[in-house]
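# Residue-level structural notes
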Protein chains: 2
Amino acid sequence: MAEKFDHIDLRILEVSQKHGALSQRELADRVGLSQNALWRRLKRLEEDGVLLGVHRRVSAKKLGLDLTVFVMVRTRTHSDEWIEAFRAHVSRIPQVVEMHRIGGDWDYMLKVVTRGMSGYDKTYKQLTTGIELETVTGFFSMETMLEDRPLDVYG
Amino acid sequence: MAEKFDHIDLRILEVSQKHGALSQRELADRVGLSQNALWRRLKRLEEDGVLLGVHRRVSAKKLGLDLTVFVMVRTRTHSDEWIEAFRAHVSRIPQVVEMHRIGGDWDYMLKVVTRGMSGYDKTYKQLTTGIELETVTGFFSMETMLEDRPLDVYG
DNA sequence: GTTGAAACACCCTCAAT
DNA sequence: ATTGAGGGTGTTTCAAC
């Protein structure tokens, strides 16, 4: 697979990640293109599916969502059907913002953002009700040191 | 602290997270306001610091960033100065997209997104060079089952 | 790749209700 | 809170180079 994106594409992706509200004129200036040329690139990058949706970040803290917990889960069953059922089960819990099937001492890892310990307790109960899990352990974040960093398009 | 945001505010935050490119007219229609009234709310929510920046999501997969690893770190030192030095050290590694100080069996947890195992090897070396860490263990994501979900503004 | 232009949509700020 | 309107800006699509 040859290089799919040139350095201007990568610059566009880099800047767009951080500053999604820039006008096309401002973005064009930053990456060294005319607005017209940039428009064509944006269209192509969206069609290619590498440029995805635009989102606004909101302050979890200001919303009172002050507790982040990484929940590690070990399960008894490992069939494809069970995995999909578990995914569907977890996807009904909006406090779970991320979920991975992992290797190592546990089978799954979930990132949970809630309103304090009482919020986590509710989420925990919802998670462990209606499906059989072997072990559930939570690692509580005491301090978020880095968050929501952009992907390194060059790395 | 009384309710700081009414249900229309929460709707705005909810929709904006997912659809950050909606025009004010479209967003106003969705939350049941006039464009003018929405504009004032947006301004206030931004001033309050609950509505944060606009970002474009990019496809890690299409960029070849196909490996996600959760790195758990145990350290020898725990002073405030050392913690800040560690944060600065890690913040120089762009493949680390998230970093938490946690409680439990480890002291820190880092989320790393890289280009395959060779990319992870470089990140690992950069992480463990120039600073003393006791133990470093990686949990490799075999499958991302849920990702980048919006915060539940009601939960 | 570039500039220029036209048509349209959007944003921000008024005034009035 | 609403509608309506004006001016400035941004987007999308041309044509021409």
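Above: the structure in question.
Residues numbered from 1 in each chain as written. Chains lettered and ligands numbered in written order. Predicted model: local features only at pLDDT ≥ 70, side-chain atom pairs only at ≥ 80, totals over all residues. Heavy atoms only, no water.

## What to know about the protein's contact with DNA strand D
Neighbouring DNA strand D are the residues A:S23, A:Q24, A:R25, A:Q35, A:N36, A:W39, B:G32, B:L33, B:S34, B:N36, B:A37 and B:R40. Counted by atom, the contact set of DNA strand D within 4 Å of the protein is 64% sugar and phosphate. Those elements that provide at least two residues to the surface near DNA strand D are α2 (24-31) and α3 (35-47) of chain A together with α3 (35-48) of chain B. Of the residues that constitute the surface near DNA strand D, the class distribution is three nonpolar, seven polar and two charged. (Near = heavy atom within 4 Å. Helix = DSSP H or I, 4+ residues; strand = E, 2+ residues; numbered from the N terminus. Nonpolar A, V, L, I, M, F, W, Y, C, P; charged D, E, K, R; others polar.)

## Some details on α2(A)
All names here are of chain A. Inspection of α2 places L27, A28 and V31 among the buried residues, and these make up the whole buried set. The arc that holds the buried residues of α2, viewed along the axis, is 100°, so those residues lie on one side. Across from the buried face of α2, at angles greater than 90 degrees, the exposed residues are R25 and D29. Contact partners of the buried residues in α2: α1 (7-18) and α3. Where α2 ends, the next residue or the one after it, G32, has phi of about 80°, a positive value. (Buried < 20%, exposed > 50% of the residue type's maximum accessible area, 1.4 Å probe, protein only. Arc of directions from axis to C-beta. Contact = heavy atoms within 4.5 Å.)

## Comments concerning the protein's contact with DNA strand C
The full set close to DNA strand C counts 13 residues, and A:A37, A:R40, B:Q24, B:N36 and B:W39 are the nearest of them. Each atom of DNA strand C within 4 Å of the protein was classed as base or backbone; sugar and phosphate made up 61%. A:R40 is positioned with one of its side-chain polar atoms (N or O) 3.3 Å from a base oxygen of DNA strand C. A distance of 2.8 Å is found between a phosphate oxygen of DNA strand C and a side-chain nitrogen or oxygen belonging to B:Q24. In the surface near DNA strand C, the residues fall into three nonpolar, seven polar and three charged. (Polar contact = N/O pair within 3.5 Å; in protein donor to acceptor, adjacent residues only side chain to side chain.)

## Side note on the relation of the copies chain A and chain B
You can overlay chain A on chain B at an RMSD of 0.0 Å; the transform is a turn of 180° with a shift of 0.0 Å along its axis. With respect to symmetry, the two chain copies, as superposed, fit the operation of a two-fold axis. Closest approach to the rotation axis within chain A is made by the C-alpha atom of A:H55, at a distance of 2.7 Å. Mapped onto chain B, 100% of the interface residues of chain A are again interface residues, and the two copies thus contact each other with one and the same surface. (Least-squares fit on C-alpha atoms with pLDDT ≥ 70 in both.)

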